[in-house]
2 protein chains.
Amino acid sequence: LTLAYDGTHYAGWQWQPQLATVQGALEKAIQRVVANPVRVVASGRTDAGVHALGQVAQFSCDTQLPTEVLQRAIAAYLPLDVVLLGLSEVPPEFHAIRDARRKRYRYLIVDNQPIGPFERLYAWQLRTALSDENMTRAAATLIGKHDFASFESSGSERASTVRTVLELSVARTEHWRLLSPRPVGQGGELLSIEIEADGFLYNMVRNIVGTLVEVGRGAKPVEWVAEVLLAKNRQAAGPTAPPHGLFLVRVDYDE
Amino acid sequence: LTLAYDGTHYAGWQWQPQLATVQGALEKAIQRVVANPVRVVASGRTDAGVHALGQVAQFSCDTQLPTEVLQRAIAAYLPLDVVLLGLSEVPPEFHAIRDARRKRYRYLIVDNQPIGPFERLYAWQLRTALSDENMTRAAATLIGKHDFASFESSGSERASTVRTVLELSVARTEHWRLLSPRPVGQGGELLSIEIEADGFLYNMVRNIVGTLVEVGRGAKPVEWVAEVLLAKNRQAAGPTAPPHGLFLVRVDYDE
C-alpha cells in the first residue's frame, strides 16, 4: 500500500485501543473488503500529528479480487484524511520495515508572523526570523555516515545509532503561496527542510530540525552542530520540533 | 481589518444565532478588547465553506489603544482558523462595501484521482481530466464589461448585473506540491482559476467556474460560454461549483 494521510486527527500510526489511529482506520477498511482480520505493517510508525505523503505499508490476505478492484474497494471505506494512493502485490518475502532502503522526510516552518489559517496544522510557527543560510551551513555537518545518538529520543531499542544522511537541505519556498495571505517575496515563503537517509532513529528528524532552528534563530553558532553530533548524547542537541510540521514523503525499496 | 480565514468550520461570514460564523468570532474577540458591542462589516459576505486570504472588514469604536496594540489584542482572542493580518485607522467616511474598487478570487480544482488528504477541504475534486486549454479559451469570452445575469444565483437584490471582469485565467500550477503526494509533472498540479473584477454578483465566481468546468470536461463546446453570457438567464449556465474550492484573495480600495 502507498498512503497519504493528514495526521492531525490521529494518535499516530500505531493501533491503540479507544483512539483513532491510521493503522486502525486502515485495518477496519481492509477487513470490510477481505472479510477476515488483517494486521497492517508500515515502513515505520509515525507519531501523533505527523503526516504522510507516501507512507508504505503491507498486509497479507487470501482474496480472488484483482489488485485494482481491491484498491478501489479499500479506498472507499477509508476516512477522507487517509488516502490510498496505490496497492500492488509483493513477493511473500517482502517486508515493509526491513526492506526499506531510503526514507525521505519534509519539515515545514513558518518563521514570521502572522501564520495563515491554512498553515497552522502543517507547519511549525516561530516568532523569530530564521537564517536559512546559517541553517544550511549547519546542516552540511550532518550529511554523510555518522553516529546520530545525539538526535535519538529515548524509547527506541535500535542496536546501532549509525545512519547515513544522503540529503539535508534547508530552503525558502514559494510552493505554498496559493494558500498564503502574504504576497510572494514579502515573507510569503515557508522554510522547507528536506532530509533523506538510509534509516532514521526515533524522533531523529524532529531533533535535527529543533537543533538547526537553534542555529537559525541565532541562539547557537553554526559550529555547535558538529559538537552536538560528536557528543553522542541527546542532552547536547536542541529541543524536539513539534510533530505537525513533519511529513513522511517517500520510502524507497530495491526494485 | 485585513483577514485570512479557513471557512471549513464556519456557516459563512454573516452572523447567525447558534452558528459559528466569521463575523461572530470577530465581534466576540473585538468586544473583549474594546469592552462595548461592535458590529463588523465586511467588503462582502462569504458563504459557508468559502475561505479568505485577504478579506477586508471594518468596525467603529472608541478606544485610546494604538492600532498596533489593538491588533495584537484582538488577534489573541481569535480562533486559530481566523487570522488578523492587519488593522489600521480609516477616515470616518470609509465604507468597506461601497468603496471596494476591485476584488480578486481564486478557485482550486483537482481533476485527477486520487485527491490528497491535504487538498480535500480546499479544492473541488473532479474525477474527469479537464482541458485547461479549452477552459482558457472559454474564459476569454467573459473578460471585459458584460451583463453577467446568467451567472447570478437568485437571492440577491442588486440593481445592475453589469460587471467588468479585469482578469480571468485558468492555469495548471505546481504551487501546492509541498503537500501533494503526486510527483511534479505527473499530475501533481492543481488547476487554479483566478478572477478579478470591479464587483461580483451573488455566486458569480462559483457559477463561472461551474460553467467553465462543463467546457473543460468536454460536455459543452468552447463557444457555448458566449451563448450562456448572451442568454442573461441563470438556467443557461453550468452548475454552481462547491464553496470549499473558493478563496477571496484580495479587496482593493482607492488610496
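For the structure itself, consult the block above.
Residues numbered from 1 in each chain as written. Chains lettered and ligands numbered in written order. Predicted model: local features only at pLDDT ≥ 70, side-chain atom pairs only at ≥ 80, totals over all residues. Heavy atoms only, no water.

A.B. asks: Hey, could you go over the overall build of chain A for me, with residue numbers and the actual values?
C.D. replies: Looking only at helices and strands, chain A has five helices and ten strands in total. By the compact-globule yardstick of 18 Å for 255 residues, chain A fits well, its C-alpha radius of gyration being 19 Å. The principal-axis extent of the C-alpha atoms belonging to chain A is close to 60 × 45 × 35 Å. Counting all 255 residues of chain A, 54% fall into the buried class. Nonlocal contacts in chain A, meaning residues at least 24 apart in sequence, comprise 70% of its contacts between residues at least 6 apart. Put simply, chain A shows about 11600 Å² of open surface, and 49% of that area lies on carbon and sulfur atoms. Side chains of chain A carry 26 positive and 28 negative charges; the gap between the two charge centres is 4 Å. (Helix = DSSP H or I, 4+ residues; strand = E, 2+ residues; numbered from the N terminus. Rg over C-alpha atoms; globule rule 2.2 N^0.38 Å. Buried < 20%, exposed > 50% of the residue type's maximum accessible area, 1.4 Å probe, protein only. Contact = heavy atoms within 4.5 Å. Areas by Shrake-Rupley, 256 points an atom, 1.4 Å probe, with all protein chains shown as cover. Lys, Arg positive; Asp, Glu negative; His and termini not counted. Charge placed at Lys NZ, Arg CZ, Asp CG, Glu CD.)

A.B. asks: Before we move on, can you summarise the pattern of salt bridges with the specific residues and values?
C.D. replies: Counted under the stated rule, the structure contains 34 salt bridges over all chains. Residues D47 of chain B and R206 of chain B are paired through a salt bridge, measuring 3.5 Å at the closest nitrogen-oxygen approach. Residue D47 of chain B is located in the loop between β2 (41-42) and β3 (51-58), and its partner R206 of chain B is located in helix α4 (residues 204-216); the two are separated by 159 residues in the primary sequence. Judged by relative accessible area, R206 of chain B falls into the buried class, the value being 12%. Through salt bridges with shared partners, a single network forms among R102, R104, R106, E167, E194, E196, R250 and D252 of chain A. (Salt bridge = Lys/Arg side-chain N within 4 Å of Asp/Glu carboxyl O.)

A.B. asks: Account for the packing of helix α4 (residues 204-216) of chain A against helix α5 (residues 224-231) of chain A, naming residues and giving values.
C.D. replies: All names here are of chain A. Taken N-terminus to C-terminus, the directions of α4 and α5 make an angle of 150 degrees; their axes are 10 Å apart at the nearest point. In terms of orientation, α4 and α5 fall into the roughly antiparallel class. Considering the relative orientation of α4 and α5, their crossing is right-handed. In this structure, α4 contributes T211, E214 and V215 to the contact, and α5 contributes W224, V225 and V228. (Axes fitted to C-alpha atoms, helices over the stretch in contact; angles between N-to-C directions. Parallel < 35°, antiparallel > 145°, perpendicular 65-115°, else oblique. Left-handed = near helix turned anticlockwise from the far one by under 90°.)

A.B. asks: Can you tell me about the environment of L70 of chain B, naming the residues and giving the values?
C.D. replies: Residues and elements named next belong to chain B. Turning to its location among the elements, L70 is positioned in helix α2 (residues 67-77). Assessed through its relative accessible area of 5%, L70 is described here as buried. Sequence spacing of L70 and L87 is 17 residues, and the spatial spacing of their C-alpha atoms is 8.0 Å. Setting aside residues up to four positions removed in sequence, L70 forms contacts with V33, V34, F59, T63, L65 and L87.

A.B. asks: Tell me what's going on with the environment of A226 of chain B, and back it up with residues and numbers.
C.D. replies: The topology assignment puts A226 of chain B in helix α5 (residues 224-231). For the pair A226 of chain B and V56 of chain B, spaced 170 residues apart in sequence, the C-alpha separation works out to 33 Å.

A.B. asks: Can you explain the packing of aromatic side chains? Please cite residues and give values.
C.D. replies: Within the structure shown, the criterion is met by 16 aromatic pairs over all chains. Ring centres of Y5 of chain A and W13 of chain A lie 6.3 Å apart, and the angle between their planes is 35 degrees; this geometry places the pair in the tilted category. Ring centres 5.4 Å apart and planes at 65 degrees place the aromatic pair F118 of chain A and F247 of chain B in the edge-to-face group. With F118 of chain A in the loop between β5 (100-110) and β6 (124-125) and F247 of chain B in strand β10 (residues 246-253), the pair connects residues from two separate chains. You'll find F118 of chain A and F247 of chain B in the same group, each marked buried. In textbook terms, an aromatic cluster arises when at least three aromatic residues are bridged by ring pairs, as seen for F118 of chain A together with Y122 and F247 of chain B. (Phe/Tyr/Trp six-rings, centres within 6.5 Å; stacked < 30°, edge-to-face > 60°.)

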